[in-house]
Amino acid sequence: FLKAHGGTSYVIAGSFCRYLIDQYGIRRFKWLYRTGSFESFYNKSLETLIAEWRRFIDRHDPTLQERLKTAYLFQRPSIFGKECARVIANLNAETRKLLTGKRFEDAARTAEQSLALTTSPEAILQPAGALFFLKRYQDALEFGFDKLRDSTVAHVLLPLYITMGDSYWGLNLYPEAQQMYEVLYSMHLSEGWDEAAGIRIAAVSDRRAAQTLKDFFLSARDDSLRVAWLDSVIARTSHSALMHYLHGREHMRMGNHRQAIQVLGALPGMDTGILEFSRYRMLARAHFETGEFQKAKVFFWESLNFTS
């Protein structure tokens, strides 16, 4: 735990324990947990069991996407291997605060200070975000591609593809934007990143939707105004399932659970699996928040039809 990132160490330890349980049963593992004696309950040394576990792991031949995802999640330094950890953390926190407060010029300056000290993921993602919100889309793209060419850090910068896709969108280069989003979506880093990429793929693949929703995605509008903007657009124009999905999603973010149920429940369905999965999950969470637990249970179960 001193040599590796905490998240990596926990997963490695968990994988080894899972192997022992699956291979030799839970009963032996419980005794091992109480005593710490591998020889007594497995008749094998710890080193021998580790060798077995490594051979078991080596049976799996990961895809390129799995390798990139694994590097993103686990190839990180120990907290003791970071440069000026407290100073950098303070600078990054200040940048987050400035970005939230829409002080983008100031955020760009503090982000540059952090980046001068370290090449941590946040120190790189923050200046890219600041350039994007300043509408310096070409600068954001050049910065992003420059960092992704650095093989020592590229594996932890996969979320940068969202910022780069949004920057292409800002320049009205829709095929290039879609390509960036699809790179991130292919990694399946998390449900949240899949949804973010899936929404954008659906938007930019429809030229009319891309034009209508450009300001919604690319501006730093307050949450309370986002619902009002969607209300006005839906009221005055023909609207797609994606527009209603975003409408319901914003109601969820605002805690307007009844409105979210009304909007999302009226949708016939989304073309994209991840968006349909997210729609059912939002409906489940909305019903849960309103105390309708049986309905929540049904929607949670239904959501499983759209995910592996």
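Residues numbered from 1 in each chain as written. Predicted model: local features only at pLDDT ≥ 70, side-chain atom pairs only at ≥ 80, totals over all residues. Heavy atoms only, no water.

A few points about the nonpolar core
Here is step 1 of the chain: Counting residues in each nonpolar core, the largest one holds 61 residues, and the members touching the most others are W169, L213, F217, L242, Y245, L246 and L264.
Here is step 2 of the chain: Apart from the residues lying within four places of it in its own chain, the contact partners of F217 are W169, I199, R200 and L246.
Here is step 3 of the chain: With nine residues, the next largest nonpolar core counts L20, F29, Y42 and L49 among its residues. (Core = buried A, V, L, I, M, F, W, Y, C linked by side-chain atoms within 4.5 Å. Buried < 20%, exposed > 50% of the residue type's maximum accessible area, 1.4 Å probe, protein only. Contact = heavy atoms within 4.5 Å.)

Some thoughts on helix 13 (residues 207-218)
Here is step 1 of the chain: The end-to-end C-alpha distance of helix 13, which contains 12 residues, comes to 16 Å, matching closely the 16 Å that a straight helix rising 1.5 Å per residue would cover.
Here is step 2 of the chain: All buried positions along helix 13 are accounted for by A209, A210, L213, K214, F216, F217 and L218.
Here is step 3 of the chain: For helix 13, the side-chain oxygen to backbone nitrogen distance between the N-cap and R208 is 3.1 Å, and the N-cap itself is D206. (Helix = DSSP H or I, 4+ residues; strand = E, 2+ residues; numbered from the N terminus. Expected span 1.5 Å × (residues − 1). Polar contact = N/O pair within 3.5 Å; in protein donor to acceptor, adjacent residues only side chain to side chain.)

Here we look at the pattern of salt bridges
Here is step 1 of the chain: Counted under the stated rule, the structure contains 13 salt bridges.
Here is step 2 of the chain: Put simply, R200 and D166 hold a salt bridge, and the shortest N to O gap is 2.9 Å. Taken together, the positions of R200 in helix 12 (residues 191-204) and D166 in helix 10 (residues 160-170) put the pair 34 residues apart, joining distant regions of the chain. D166 shares its class with R200; the two are buried.
Here is step 3 of the chain: A salt bridge links R226 to E250, with the nearest nitrogen and oxygen atoms 3.3 Å apart. Residue R226 is found in helix 14 (residues 223-236), and its partner E250 is found in helix 15 (residues 241-254); the two are separated by 24 residues along the sequence.
Here is step 4 of the chain: Look at R226 and you get buried, because its relative accessible area is 11%.
Here is step 5 of the chain: According to the relative accessible area criterion, E250 is buried, its value standing at 0%.
Here is step 6 of the chain: Bridged by salt links that share partners, the residues R103, D106 and R109 form one connected network. (Salt bridge = Lys/Arg side-chain N within 4 Å of Asp/Glu carboxyl O.)

Observations regarding the packing of helix 10 against helix 11 (residues 174-187)
Here is step 1 of the chain: At their nearest, the axes of helix 10 and helix 11 sit 7 Å apart, and the two run at 170 degrees to each other. In terms of orientation, helix 10 lies roughly antiparallel with respect to helix 11. Here Y161, I162, M164, G165, D166, Y168 and W169 of helix 10 come into contact with helix 11, specifically with Y174, E176, A177, M180, Y181, V183 and L184.
Here is step 2 of the chain: Residue composition of the contact of helix 10 with helix 11, grouped by class: 11 nonpolar, one polar and two charged. (Axes fitted to C-alpha atoms, helices over the stretch in contact; angles between N-to-C directions. Parallel < 35°, antiparallel > 145°, perpendicular 65-115°, else oblique. Nonpolar A, V, L, I, M, F, W, Y, C, P; charged D, E, K, R; others polar.)

A look at the confidence of the model for the chain
Here is step 1 of the chain: On average, the chain scores 87 in pLDDT, and the residues at 70 or more come to 94%.
Here is step 2 of the chain: Highest mean pLDDT in the chain belongs to helix 18 (residues 293-303) (97); lowest belongs to helix 6 (residues 85-100) (76). (pLDDT = per-residue confidence, 0-100.)

A word on the packing of aromatic side chains
Here is step 1 of the chain: Applying the stated criterion across every chain yields a total of 14 aromatic pairs.
Here is step 2 of the chain: Note on F29 and Y33: the rings are 6.5 Å apart at their centroids and 35 degrees apart in plane angle, and the pair reads as tilted. Taken together, the residues span about one helical turn, with F29 and Y33 both in helix 2 (residues 26-35) at a distance of four residues.
Here is step 3 of the chain: Here a set of aromatic residues connected by ring pairs shows up, and it is made of W169, F216, F217 and W229.
Here is step 4 of the chain: A cation sits over an aromatic face here: R226 above F216, 4.2 Å from the ring centre.
Here is step 5 of the chain: Above the plane of the ring of Y280 lies R279, whose end atom (NZ or CZ) is 5.0 Å from the centre. (Phe/Tyr/Trp six-rings, centres within 6.5 Å; stacked < 30°, edge-to-face > 60°. Lys NZ or Arg CZ within 6 Å of the ring centre and 35° of its normal.)

Observations regarding the environment of T152
Here is step 1 of the chain: Locating T152 in the fold gives a position in the loop between helix 9 (137-148) and helix 10.
Here is step 2 of the chain: Sequence spacing of T152 and Q75 is 77 residues, and the spatial spacing of their C-alpha atoms is 10.0 Å.

Considerations on unusual backbone geometry
Here is step 1 of the chain: Although it is not a glycine, N43 adopts a positive phi angle of roughly 55 degrees.
Here is step 2 of the chain: With respect to the secondary-structure elements, N43 resides in the loop between helix 3 (38-42) and helix 4 (46-58).
Here is step 3 of the chain: The backbone phi angle of K135 is positive, close to 65 degrees, even though this residue is not glycine.
Here is step 4 of the chain: By the element assignment, K135 lies in the loop between helix 8 (121-133) and helix 9.

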